[in-house]
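Below, each chain spelled out in residue letters.
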Amino acid sequence: MDVEDLMKREGLRRGFSHRTIITYLACLKKFFKRCQKEPSYVTKADIREYLDHLIEKSAAGNTLNVHLSALKFFFEEILCKRLLLYIKYSKTPQTLPTVLTQEETVRLVAAISNKKHKLMIQLMYGAGLRVSELVHMKVQDLEIPKRYGWIRKGKGNKDRMFVIPDSLLQDITVHVTQEQLQFHDCLFKGRKSHHLHPRSVQEIVKRAASKAGIAKNVHPHTLRHSFATHLIENGYDVTSVQSLLGHSSMGTTMTYLHLAPSKMISVKSPLDVLK
């Protein structure tokens, strides 16, 4: 049985992202390397033993969850094997993401001298984009006169609208003209006219943070976290932020309430209203 081919074909059919398919395949390879059985002979006890093995190796909660999800999908959804995997998912620590203050964001952008790189980082922060969304964005995805653009087949294979900052409208137009970009071209090309590699964006952000003297662990996704937090600080409601981020659950967006200073989200202590 070709496990890899089955996983790829079914993953694509279900609309899984390339990253999810690769991750699930890696989990399955590790499982079968240890189990050494044909898929049709695998039992629930084999899966429990494998997960116990990961726990003994001090695997993190997220790691256990991903492995369990991959195994459940392969055996129950692809092979239709009734293993009844009622295994409780491991709890993962609820850590708050790192965000930049608005002053730190200004310093980060100011530390970038390359015009193209600066425009990339400004757009990623100003529209709350994921790095994968930025590098795959095409000219055709932008409605510049209308001040918005589209993320096509983003996380979860969903489309969503994003707001183009007014301050970037002219810069983007100039960039498209100077680079002689066509309708179907990527907005930010890499070498050989391909899209930029996410690692290139990571390096730009890391260098800018270092140059700006920001001690926090800053990476591209920090800009998305900062975008959401700053919107809430500026008085926008959680529902609006949820829509712009493309979150399916409001609970995910609610995280940013904990990151915004209380005075910015209009929280008034009950002590202050006591007479």
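Structure first, text after, so check above.
Computed from a prediction, not measured in an experiment: that's the story for all the values here. (Residues numbered from 1 in each chain as written. Predicted model: local features only at pLDDT ≥ 70, side-chain atom pairs only at ≥ 80, totals over all residues. Heavy atoms only, no water.)

### Topic: the overall build of the protein
Within the protein one finds twelve helices and three strands. Among the 275 residues that make up the protein, the fraction classed as buried is 40%. Pairs at least 24 apart in sequence give 60% of the contacts found in the protein among residues at least 6 apart. Carbon and sulfur atoms provide 52% of the accessible area of the protein, an area that totals close to 16800 Å². (Helix = DSSP H or I, 4+ residues; strand = E, 2+ residues; numbered from the N terminus. Buried < 20%, exposed > 50% of the residue type's maximum accessible area, 1.4 Å probe, protein only. Contact = heavy atoms within 4.5 Å. Areas by Shrake-Rupley, 256 points an atom, 1.4 Å probe, with all protein chains shown as cover.)

### Regarding the packing of helix α3 (residues 44–56) against helix α4 (residues 61–78)
Following both chains from N to C, one finds α3 and α4 inclined at 165 degrees, their axes separated by 11 Å at the closest point. On the basis of the axis angle, α3 is roughly antiparallel to α4. Pair α3 / α4 crosses with right-handed handedness. Each of Ile47, Tyr50, Leu51, Leu54 and Ile55 in α3 lies in contact with α4, whose residues at this interface are Leu64, His67, Leu68, Leu71 and Phe75. (Axes fitted to C-alpha atoms, helices over the stretch in contact; angles between N-to-C directions. Parallel < 35°, antiparallel > 145°, perpendicular 65-115°, else oblique. Left-handed = near helix turned anticlockwise from the far one by under 90°.)

### Points about the packing of helix α2 (residues 18–35) against α3
Where α2 meets α3, the closest approach of the two axes is 11 Å, and the angle between their N-to-C directions is 105 degrees. Considered as vectors, α2 and α3 are oriented roughly perpendicular to each other. In contact with Cys27, Lys30, Phe31, Arg34 and Cys35 of α2, α3 contributes Asp46, Ile47, Glu49, Tyr50 and His53.

### Side note on the pairing of strand β2 (residues 148–151)
In terms of strand pairing, strand β1 (residues 142–143) meets β2 through two bridges, oriented antiparallel. Paired with Glu143 across the bridge in β2 is Tyr148. Pairing of β2 with strand β3 (residues 160–163), which is carried by four bridges, proceeds in the antiparallel orientation. When the bridges of β3 are listed, Tyr148 appears paired with Val163. (Pairing = 2+ DSSP bridges.)

### A short note on helix α6 (residues 115–127)
Since the α-helix packs 3.6 residues into each turn, any two residues three or four apart lie on the same face. Along its 13 residues, α6 runs 18 Å from first to last C-alpha, staying within 8% of the 18 Å computed at 1.5 Å per residue. Three or more residues of α6 are buried, namely Leu119, Met120, Ile121, Leu123, Met124 and Ala127. Of the surrounding elements, those touching the buried residues of α6 are α5 (102–110), α7 (131–136), β3, α8 (169–178), α9 (198–211) and α10 (220–233). Among the residues of α6, the N-terminal cap falls to Asn114, whose side-chain oxygen and the backbone nitrogen of Lys116 are separated by 3.0 Å. One or two positions beyond α6, positive phi appears at Gly128, with a value near 70 degrees. (Expected span 1.5 Å × (residues − 1). Polar contact = N/O pair within 3.5 Å; in protein donor to acceptor, adjacent residues only side chain to side chain.)

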